[in-house]
Amino acid sequence: MDPIPPPGDEAAPLDPAATRTLADLAAAYWDFGLDESPANCTYLGIDRGQDRLDERGPIARERQERVLDGLLHRVEAVAPAGLSPEDRLTRQILLRSIAEQAEALRRHGWEWDLDQLFGPVVGLQDLATKHRIRAPADLDALVTRLTLVPKALDEYVDDLRDGLRSGRVAPRRSYERVLAQVRTFLATPAASTPFFHAAGRLPAAWPESDAALGRARLLAAIETHVRPAFGTLLRFLESEYAGRARAEVGVWSIPGGPEAYAFAIRRHTTTTLSAERIHAIGREELERNEQEMLEIARAEGHAGDLRSYLDLVSRDPKYRLPTREAIIARYREICARMDARLSMRSGPRAEPTGPSTAAWSPASGARARATCGSPRPRPTGSTTTTVRR
């Protein structure tokens, strides 16, 4: 990629046309992302595609690859010499992001997409909890989305069947966890699933007759469309996929796996380091961190090992926030410090939205996942893991 000149470099005059073209391409790329992912629009609070679900399958992927390749060629055609240093950086980011998104489509990751954390089984449930209900049209859109769940899960099964044919299958551990999630969902009453979450968020100004009709429509959509679709998925997992998941956890063990993993490293680390070197760096950092923690323990007069010190700290009341209000206050303090640091580089940011104290209860708090932003119920059948060192 082209080098970024330092601020104030006037080696070439700026080209206003190139600047406008780049801005238009950046907007087109953003618009493409919103068109292709109505779910992301919902998470971002954008009223767009609220009656649609993200598409899967070969037709969607071919369309996406065609658009991405076109965008990539158009960005490459913008001469960097006529851009400001900031716009040259924008151009580089666009080139990298578009190229990597296109390459991901050629790595066949959908073929082994049995994912208990971010797969459709959890994602569809979570999306329903984020769908905003402010007017009758919003409820109509959500009901339409629920009627599209069978199509979404059919596309998902077709993708997994591609993996069965190619030998690109999910690890057995992921298979077992997703299977358990589907079974748990089907054993849960419709009104207790996240798909019914919107029933508790209907506008208070709605007449009770309208609210009751809305709740009835949601229940009907879950029972008529969502639950049978999950049942079809369960039958596929229990029959066609049974005994086919791979024993090895590592993606290296499937066709094209080493190349897919190398791409993932490059995409997520922006380096060409090997997996072995990245692992070594992680171990080195962990050892350094643990040594620093042990030094703190020694400074406080603790003579035991690090594990015993961490256990001691976890039991000490002075390290615990006593109330929900204290937790929220600490959260906002952290956000304020982060915003102060970020504003030094990118200017003022919007006021962060934190979790509401009213939304937390001792019963739900023990099971909920901590997220930055408004809290959400845990999708039926999902698991949460707490990692302690």
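(A) Region of interest: the overall build of the chain. Summing up its helical and strand segments, the chain has 14 helices and 0 strands in all. Secondary structure elements of the chain occur, N-terminal to C-terminal, as α-α-α-α-α-α-α-α-α-α-α-α-α-α. Relative to its full complement of 389 residues, the chain shows a buried share of 35%. Contacts in the chain between residues at least 24 apart in sequence constitute 73% of all its contacts with a sequence separation of at least 6. When the accessible area of the chain is evaluated, it comes to approximately 22500 Å², of which 57% is carbon and sulfur surface.

(B) Up close: the packing of helix H6 (residues 136-147) against helix H9 (residues 208-238). H9 packs onto H6 with a crossing angle of 15° between their chain directions and a minimal axis gap of 8 Å. Relative to H9, H6 is oriented roughly parallel. In the packing of H6 onto H9, the handedness of the crossing is right-handed. Note on element contacts: H9 touches H6 through Gly-214, Arg-217, Leu-218, Ala-221, Ile-222, His-225 and Val-226, opposite Leu-139, Asp-140, Leu-142, Val-143, Leu-146 and Thr-147. Looking at side-chain class alone, the contact of H6 with H9 contains 8 nonpolar, 3 polar and 2 charged residues.

(C) Expanded view of the pattern of salt bridges. In total, this model carries 28 salt bridges according to the counting rule given. Ionic pairing is found between Arg-63 and Glu-55, a salt bridge with its closest N-O pair at 3.6 Å. When its relative accessible area of 22% is taken as the criterion, Arg-63 is described as partly exposed. Between Asp-159 and Arg-56 there is a salt bridge, and its shortest N-O distance comes to 3.0 Å.

(D) Here's a closer look at the side chain of Arg-91. Positionally, Arg-91 belongs in helix H4 (residues 85-105). For Arg-91, a relative accessible area of 7% corresponds to the buried category. Side-chain polar atoms of Arg-91 contact the backbone oxygen of Val-75, separated by 3.4 Å.

(E) View of the packing of helix H7 (residues 149-166) against H9. Contact geometry of H7 with H9 gives a least axis separation of 8 Å together with a crossing angle of 10°. As summarised for this structure, H7 and H9 are arranged roughly parallel, according to the angle between their axes. Note that H7 runs across H9; the crossing there is right-handed. Counting all contacts with H7, which are made through Val-149, Pro-150, Leu-153, Tyr-156, Val-157, Leu-160, Arg-161 and Leu-164, the residues of H9 involved are His-225, Val-226, Ala-229, Phe-230, Leu-233 and Phe-236.

(F) Representation of the packing of aromatic side chains in the model. Going through the model one piece at a time under the given rule, you end up with 5 aromatic pairs. Ring geometry for Tyr-175 and Tyr-241: centres 5.7 Å apart, planes at 15°, overall stacked. You can see Tyr-175 sitting in helix H8 (residues 172-186) and its partner Tyr-241 sitting in the loop between H9 and helix H10 (257-269), a full 66 residues away along the chain. In terms of burial, Tyr-175 and Tyr-241 fall into one category: buried. Measuring from centroid to centroid gives 6.1 Å for Phe-195 and Phe-230, while their planes differ by 75°, and the two rings are edge-to-face. Placement of the pair is Phe-195 in the loop between H8 and H9 and Phe-230 in helix H9, with a sequence separation of 35 residues. Each member of the pair, Phe-195 as well as Phe-230, carries the same accessibility label: buried. In textbook terms, an aromatic cluster arises when at least three aromatic residues are bridged by ring pairs, as seen for Tyr-175, Phe-236 and Tyr-241. The ring of Phe-185 has Arg-227 sitting right over it, with the charged end atom 5.8 Å from the ring centre.

(G) Structural view of the nonpolar core. Counting 46 residues, the largest nonpolar core has Phe-195, Leu-237 and Tyr-241 as the members making the most contacts within it. When residues of this core are traced back to their parent elements, those giving at least two are helix H5 (120-130), H6, H7, H8 and H9. Here the element with the most residues in this core is H9; it accounts for 11 residues. Phe-195 has contacts with Leu-124, Gln-125, Ala-128, Leu-146, Val-149, Phe-185, Leu-218, Ile-222, Val-226 and Phe-230, leaving out every residue within four places of it along the chain. With 16 residues, the next largest nonpolar core counts Leu-72, Val-78, Leu-83 and Ala-102 among its residues.

Rules of the game
In every chain, residue numbers begin from 1 and rise along the written sequence. The predicted origin of the model limits local features to residues at a pLDDT of at least 70 and limits the giving and counting of side-chain atom pairs to 80 or more, whereas totals for whole chains, interfaces and linings rest on all residues. Hydrogens and water molecules were not included; the side-chain quantities draw on all heavy atoms of the structure. Numbering of helices and strands runs from the N terminus, with a helix taken as a DSSP run of H or I at least four residues long and a strand as a DSSP run of E at least two residues long. Exposure classes here rest on a 1.4 Å probe applied to the protein chains alone. A residue is buried below 20% of its type maximum, exposed above 50%, and partly exposed in between. Here, residues are in contact when the closest pair of their heavy atoms is within 4.5 Å. To measure how exposed things are, a 1.4 Å probe is used in the Shrake-Rupley method; for residues, cover is taken only from the protein chains shown. Simply put, an axis is a line fit to the C-alpha atoms, just over the touching stretch for a helix, and the angle between two N-to-C directions goes from 0 to 180 degrees. Angular relationships are summarised with four words: roughly parallel below 35 degrees, roughly antiparallel beyond 145, roughly perpendicular across 65 to 115, and oblique for the angles in between. Helix crossings get a hand from a simple test, with the near helix turned counterclockwise from the far one by less than a right angle marking a left-handed crossing and a clockwise turn marking a right-handed one. In the scheme used here, Gly and all other residues not listed as nonpolar or charged are polar, with Ala, Val, Leu, Ile, Met, Phe, Trp, Tyr, Cys and Pro taken as nonpolar and Asp, Glu, Lys and Arg as charged. Any Lys or Arg side-chain nitrogen located within 4 Å of an Asp or Glu carboxyl oxygen qualifies as a salt bridge. Polar contact is defined as a pair of N or O atoms within 3.5 Å, subject to the rule that within protein one atom must be able to donate a hydrogen and the other to accept it, and that residues adjacent in sequence are counted only when both atoms are side-chain atoms. Within 6.5 Å between ring centres, the rings of Phe, Tyr and Trp (the latter by its six-membered ring) count as paired, and their orientation is classed by plane angle as stacked under 30 degrees, edge-to-face over 60, tilted in between. Sitting over a ring, as applied to charges here, requires NZ of Lys or CZ of Arg to be within 6 Å of the ring centre and within 35 degrees of the ring normal. Among buried residues, the Ala, Val, Leu, Ile, Met, Phe, Trp, Tyr and Cys ones that are joined through side-chain atoms within 4.5 Å form a nonpolar core.

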